[in-house]
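Analysis of the macromolecular model
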Amino acid sequence: MASVSDRDERGASATRLLAVSVAAIVVSLLIMVVACINGPSVSVPGLTHPAGFGSGPPWWHPLHLHPAVVLLSLWAAAVFAVAGVAAGLVAVSRGARLPVRPLLVGVFVVIAIFTVLPPGGSTDAVSYGIDGAMVAAGHNPYVMTPNEFLATGAQIARNSPKTWQNSLSDYGPLATASEWAAAELGGNSMARITLLWEIVASGHIDGIAVAFGLAGIVVLRVSRPGADPGPGRALASGLFIGAAIAVKAPFALFALGAAWALRRHLAAACALAVGCLLALAPPYLVSGRPAVTVLLHRGNQVTWDNLYQVFWRPLGYTTYQPAHLVAVAAVLTVIVAVITCLRLPPRVPLLPAVTPSLALSLAWIFMWPFQRPWYDVMIIVLLVLYPASRLDWVVLSRLGFAAITYMDAIGLPQGRLLSLQMFEGEWITSTARLLTVAALLWLCLSGRWGWRSRPAESSVTEPALQPLT
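Calculation notes
- Residues numbered from 1 in each chain as written.
- Predicted model: local features only at pLDDT ≥ 70, side-chain atom pairs only at ≥ 80, totals over all residues.
- Heavy atoms only, no water.
- Helix = DSSP H or I, 4+ residues; strand = E, 2+ residues; numbered from the N terminus.
- Areas by Shrake-Rupley, 256 points an atom, 1.4 Å probe, with all protein chains shown as cover.
- Phe/Tyr/Trp six-rings, centres within 6.5 Å; stacked < 30°, edge-to-face > 60°.
- Buried < 20%, exposed > 50% of the residue type's maximum accessible area, 1.4 Å probe, protein only.
- Lys NZ or Arg CZ within 6 Å of the ring centre and 35° of its normal.
- Core = buried A, V, L, I, M, F, W, Y, C linked by side-chain atoms within 4.5 Å.
- Contact = heavy atoms within 4.5 Å.
- pLDDT = per-residue confidence, 0-100.
- Salt bridge = Lys/Arg side-chain N within 4 Å of Asp/Glu carboxyl O.
- Patch = residues over 30% accessible without salt bridge, like charges linked within 9 Å, V, L, I, M, F, W, Y side chains within 5 Å.
- Expected span 1.5 Å × (residues − 1).
- Axes fitted to C-alpha atoms, helices over the stretch in contact; angles between N-to-C directions.
- Parallel < 35°, antiparallel > 145°, perpendicular 65-115°, else oblique.
- Left-handed = near helix turned anticlockwise from the far one by under 90°.

Some words on the overall build of the chain
Each helix and strand counted, the chain has 18 helices and zero strands in total. Surface summary for the chain: the accessible area is close to 21,800 Å², and the carbon and sulfur share equals 69%.

Here we look at the packing of aromatic side chains
Summed over the entire model, instances satisfying the criterion amount to five aromatic pairs. Ring geometry for W374 against Y406: centres 6.0 Å apart, planes inclined by 75 degrees, an arrangement best described as edge-to-face. Residue W374 is located in the loop between α15 (354-367) and α16 (377-383), and its partner Y406 is located in the loop between α17 (390-405) and α18 (416-446); the two are separated by 32 residues in the primary sequence. Residue W374 shares its accessibility class with Y406, and that shared class is buried. Of the aromatic side chains, those joined through ring pairs into one cluster are W364, F370 and Y375. Taking NZ or CZ as reference, R398 lies 4.9 Å from the ring centre of F366, over its face.

Description of the nonpolar core
Among the nonpolar cores identified, the biggest contains 69 residues, and F251, L344, L358, L362, F366, I379 and L391 are the most heavily contacted of them. Among the elements that line this core, the one with the most residues is α15, at 10 residues. If near-sequence neighbours (up to four positions away) are discounted, L358 is found in contact with L344, I379, L382, L383, Y386 and L391.

Quick look at the confidence of the model for the chain
Here the chain shows a mean pLDDT of 85. Residues at 70 or above account for 89%. When the criterion is pLDDT under 50, residues 196-202 qualifies, and its contacts beyond four places in sequence or with other chains add up to 24 contacts. Per-residue pLDDT stays below 50 along residues 454-469; that stretch engages in 25 contacts with residues further than four places along the chain or on separate chains.

Notes on the environment of A91
Checked against the element boundaries, A91 lands in helix α2 (residues 67-93). Judged by relative accessible area, A91 falls into the buried class, the value being 0%. Distance from A91 to L17, taken between C-alpha atoms, is 5.4 Å for residues 74 residues apart in sequence. The residues touching A91, leaving out its near neighbours within four places in the chain, are A14, L17, L18 and A96.

Focus: the pattern of salt bridges
All told, the structure shown has four salt bridges when counted by the stated rule. Salt-bridge contacts for D305 lead to R433; the nearest nitrogen and oxygen are separated by 2.7 Å. Here R433 lies in helix α18 and D305 lies in the loop between α12 (289-298) and α13 (309-312), a separation of 128 residues in the sequence. Summarising the burial analysis for this pair, D305 and R433 share the class buried. Note that R398 is salt-bridged to D376, the shortest N-O span being 3.1 Å. Of the two residues, R398 is situated in helix α17 and D376 in the loop between α15 and α16; the sequence distance between them amounts to 22 residues. Summarising the burial analysis for this pair, R398 and D376 share the class buried.

Considering a nonpolar patch on the surface
Taken together, V22, V26, L30, L98, L103, V107 and I111 make up a surface patch of nonpolar side chains, about 570 Å² in accessible area. Elements supplying a minimum of two residues to the nonpolar patch: α1 (4-37) and α3 (100-115). By secondary structure assignment, the location of V22 is in helix α1. Judged by relative accessible area, V22 falls into the partly exposed class, the value being 37%.

Things to note about α2
Along its 27 residues, α2 runs 39 Å from first to last C-alpha, staying within 8% of the 39 Å computed at 1.5 Å per residue. Among the residues of α2, V70, L71, L74, W75, A77, A78, G84, A86, A87, G88, A91 and S93 are the ones counted as buried. Positive phi appears at G95, one or two residues downstream of α2, with a value of about 105 degrees.

Some remarks on the packing of helix α14 (residues 325-343) against α18
Where α14 contacts α18, the two axes come as close as 9 Å, and the packing angle between them is 40 degrees. Of the possible angle classes, the one that applies to α14 and α18 is oblique. Of the two possible hands of crossing, α14 and α18 adopt the one that is left-handed. Taken together, the residues of α18 that come into contact with α14 (itself represented by V336, I339, T340 and R343) are L440, L441, C444 and L445.

Details of the environment of R298
Positionally, R298 belongs in helix α12. Relative accessible area serves as the criterion here: at 17%, R298 is assigned to the buried category. When the C-alpha atoms of R298 and L168 are compared, they prove to be 9.9 Å apart, with 130 residues separating the residues in sequence. Ignoring anything within four residues of it in the chain, the contact list for R298 reads W164, D170, Y171, F370 and Y375.

What follows is the structure in structure tokens.
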């Protein structure tokens, strides 16, 4: 048994770690704020500001920072963020607790600040704004590209990101509806449209999708392990998850996870399916077949920092997509999904959809060759509900390297900075992705999750959201 002095020292150590965690995260946020205040750069896309600079946000002031300063500072921000979260995880495991009210106030302040600044780190918000303006003008983003929209005289499309200029929208109809609403409110100002977009989704469509998806997972709560949640809760869960899918298709994994959780309760499972159908059918019927067709084309894309290139780049091949890569990745994704579903312990018994949804999301996020760091939100929101384990460290490590890869919003100029960025994405991040897959499989097969409380078998009657200490 630990002595009083040992417990005091452990408590003091936890407090120090918590202070380090807060400090590191604050430094990370300050760097990102300065990058956004600086305005258009390698990490902040150019925006046409509303008439009259002082008429409203988003606000920025050119600081004329060198591209290398912006990019490398944001890399440092990612390092500080990962270090801060890591220190926080250790502090919490040692008993430290941050008061909830100051935490919520701090989160609100940070969100408010980023809301009035231009979006950074990605050009997606600009693409969303163009798609919304397209709908507002009476066109269909599932059949018209930004360049075609520009040809109609729509000057708002002239700043379309190069990678999307000749591409159709491949997001769900509810995503398009929210983009349309932002465009109607923002008028012909791309700056105002993206600002409105940030308010509802933090710059990425995944924010809306995960809000619906998480609600669907949480509402499917039971009174005791193995109990039937009832058709009412299952129907509500289906409605929420269906809405998430109508925003972004991969959230169908949440539907599969919920269906698996209800496999022994036929009436509830049927109600879940009905809820999903009721949420999906109307928006897709309105959008028509093109909204479905674009999803099929997206499935063959890969990102440049995928884990599979670790195997072919040493052989001298530079193409990002060898023949049959997607088919091979699909098979491997299914294999990993089976392993995670069988081996991930069901440690949230009163929220039965959490574990299967997390298992499926881990398999897809870790193995599919088309990934962005913001996709990981599917995992993160479920880990919040799942007890602490070594899985947290695997996910955090993977996300940290991926975030560094995607800190630039526009193409970097030729030179050392571009070479450094390419090396980081093609070799470091891709290797990190592969190593974290190995770590995930090791955890699944060895069962050494690193729980810090009693085994799952003896904790099934405890509150589902009780943290491990």
